[in-house]
Every structure is written in C-alpha cells, then in structure tokens.
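A look at the structure
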Amino acid sequence: YFMGQPLASIQNELEATVQVMTQLKQDSARLRILILLTTVKRLRGGLDAEAGADDKIMDSMLATAADTHNTLSAFVNLMKLEVLVLFQEWEEAIDVVQKAGNVRLLLPSSFNSVRYTFLEALTYLKTAQSSASGSKKRQMEKCGQKTIQIIRGWVKNGNVNV
C-alpha cells in the first residue's frame, strides 16, 4: 500500500491513524502502527531530533507491553525485532529475542510465529557471526541451528506457509 509514497506522506497517515486508534481504544492495533511510525521517523532521520513527549509515551507503552507475557507482548517483541533486524542492530535484537522467551507459544497458528522464528534464527546466526568470543559464538550458533531445525521440521511436515 505504501509503495511509491514519500515518507512524509506515510508519516502523516500513520500519525492520523494513531489518533483514530486511540479514540477507538484499539491498543494492540495502535502499538503495531506506532512501530511502523517509529520506523518511518527513523528512516526520515527525525527520531533523534524529535525526542518529545509522544516518543516518551510510546516508549513507556512498548516497555510495559513487552514486559508482560501475553499475546500483545508477543506482537510488540515481534515488531521490535523486525525493526532491529531491518537496521541490522544485532546486539539489541538478541536482547529482545532472549527477553521475549518462546513467542511461538503465545502466537499459535499464526503467520507471525513463523515470521518471528525466521527473524530469531537470523538474529542468532548474525550475532554469532559478529561475536568475538568463541564460547558466545558457539552458543549463538547452537541456538540458531536449533531454530533452523524448527523451520526444517515445519517444511518436512508439509507446512505450505514456510
């Protein structure tokens, strides 16, 4: 939907959508849109310059949602992981993966759990690749291979969504 639109236009649309979701009390949808809005602001280079009250409120909401272990926290952790992988911030991404726990239990029968699993494997493997310590590198590779085995199991069982 957003292909071909300038980032300023996308940002304006997302900001309007956040206001609507706030009025409708749709917190989970609002959080997903806030992640997109944060990404757009970051791509435009204005997130650091605009560290205003809205960003502080959003950060506190995301932190609160990520600390609880329910479906909303799983979505928040997935979206955080997507943004961190997009910007190749592997150390922060591995922190999100390790704090999130097993998100697949919270998102059963959902394409989001598949997406999370792919991002989790990528994060482990890229962290292992950039690690200087031998023991941490082996640990990250082992976790990455375990996650890849989950994906291979899905493929072997004939899951067409993988």
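It should be noted that the structure appears before, not after, this text.
Reference entry: report on the structure contained in this document.

Let us look at the overall build of the protein chain. If you tally the helices and strands in the protein chain, you get eight helices and zero strands. Intrachain contacts of the protein chain at a sequence separation of at least 6 include 56% that bridge at least 24 residues.

Counting residues in hydrophobic clusters, the biggest one holds 22 residues, and the most contacted among them are Leu81, Val103 and Tyr116. Counting residues per element, this core draws most heavily on helix α4 (residues 71-86), at eight residues. The contact partners of Val103, leaving out residues within four places of it in the chain, are Ala74 and Tyr116. One finds Ile10, Val18, Met21 and Ala29 within the second-largest nonpolar core, a separate group that totals eleven residues.

Helix α7 (residues 111-130) packs onto helix α5 (residues 90-100) with a crossing angle of 130° between their chain directions and a minimal axis gap of 9 Å. Judged by the angle between their axes, α5 and α7 are oblique. For α5 against α7, the interelement crossing comes out left-handed. Between α5 and α7, the contacting residues are Trp90, Glu91, Ala93, Ile94, Val97, Gln98 and Ala100 on the first element and Tyr116, Glu120, Leu122, Thr123, Tyr124, Lys126, Thr127 and Ser130 on the second. Considered class by class, the residues forming the contact of α5 with α7 number eight nonpolar, four polar and three charged.

What counts as what
- Residues numbered from 1 in each chain as written.
- Predicted model: local features only at pLDDT ≥ 70, side-chain atom pairs only at ≥ 80, totals over all residues.
- Heavy atoms only, no water.
- Helix = DSSP H or I, 4+ residues; strand = E, 2+ residues; numbered from the N terminus.
- Contact = heavy atoms within 4.5 Å.
- Core = buried A, V, L, I, M, F, W, Y, C linked by side-chain atoms within 4.5 Å.
- Buried < 20%, exposed > 50% of the residue type's maximum accessible area, 1.4 Å probe, protein only.
- Axes fitted to C-alpha atoms, helices over the stretch in contact; angles between N-to-C directions.
- Parallel < 35°, antiparallel > 145°, perpendicular 65-115°, else oblique.
- Left-handed = near helix turned anticlockwise from the far one by under 90°.
- Nonpolar A, V, L, I, M, F, W, Y, C, P; charged D, E, K, R; others polar.

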